[in-house]
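# Per-entry structural report
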Amino acid sequence: EVQLQASGGGLVQAGGSLTLSCAFSGFTFDDYTVGWIRQAPGKEREGVSCMNSIYSTTYNEDFVKGRFTMSTDNAKNTVYLHMNSLKPEDTAVYYCTAACTFVSGIFEYMFWGQGTLVTVSS
């Protein structure tokens, strides 16, 4: 059974940084790509990033613009989303996903887990 658990959210001031963690089980990094999506209040979910098994990551450049970076700890079956220069518009629930693709601006995924709330104050 595929399971994903995001953590690390919280309240941060604009311009600050935050690192989210996603612990996963039921698959390995060689089986599925892993990524992040987010959902802001009153808005639809949008793709943030998707990393494949050779650690190539596609980011949503509509808003990431070099501020976010994914990394992995394969020994812990954990991926991270390092977020810098946070803006109030980054406020959202962030979910990690598995079996993601991000091609031509379209983000798709098969699995997702419980999210973590990020609130950026102005």
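Read on for a plain summary of the structure. (Residues numbered from 1 in each chain as written. Predicted model: local features only at pLDDT ≥ 70, side-chain atom pairs only at ≥ 80, totals over all residues. Heavy atoms only, no water.)

### Observations regarding the environment of A6
You can see A6 is positioned in strand β1 (residues 3–7). Linking A6 and W36, residues 30 residues apart in sequence, is a C-alpha distance of 9.5 Å. Each residue touching A6, except ones within four places of it in the same chain, is listed here: S21, C22, W36, Y94, C96, Q114, G115 and T116. (Helix = DSSP H or I, 4+ residues; strand = E, 2+ residues; numbered from the N terminus. Contact = heavy atoms within 4.5 Å.)

### Section: the environment of T19
Structurally, T19 is set in strand β3 (residues 18–25). By relative accessible area, which is 36% here, T19 ends up partly exposed. Spatially, the C-alpha atoms of T19 and E89 are 17 Å apart, while their sequence positions differ by 70 residues. What T19 contacts, discounting residues up to four positions off in sequence, is G8, Y80, L81 and H82. (Buried < 20%, exposed > 50% of the residue type's maximum accessible area, 1.4 Å probe, protein only.)

### Brief notes about the nonpolar core
Counting 29 residues, the largest nonpolar core has W36, F68, L81, M83 and Y94 as its most contacted members. Within the residue set of this core, elements represented by two or more residues are β1, β3, β4 (34–39), β5 (45–51), β7 (68–73), β8 (78–83), β9 (92–98) and β13 (116–121). Apart from the residues within four sequence positions on either side, F68 is in contact with R38, V48, Y59, F63, L81, H82, M83, N84, L86, D90 and Y94. Formed by six residues, the second largest nonpolar core is a distinct cluster that contains C50, Y95, F102 and F107. (Core = buried A, V, L, I, M, F, W, Y, C linked by side-chain atoms within 4.5 Å.)

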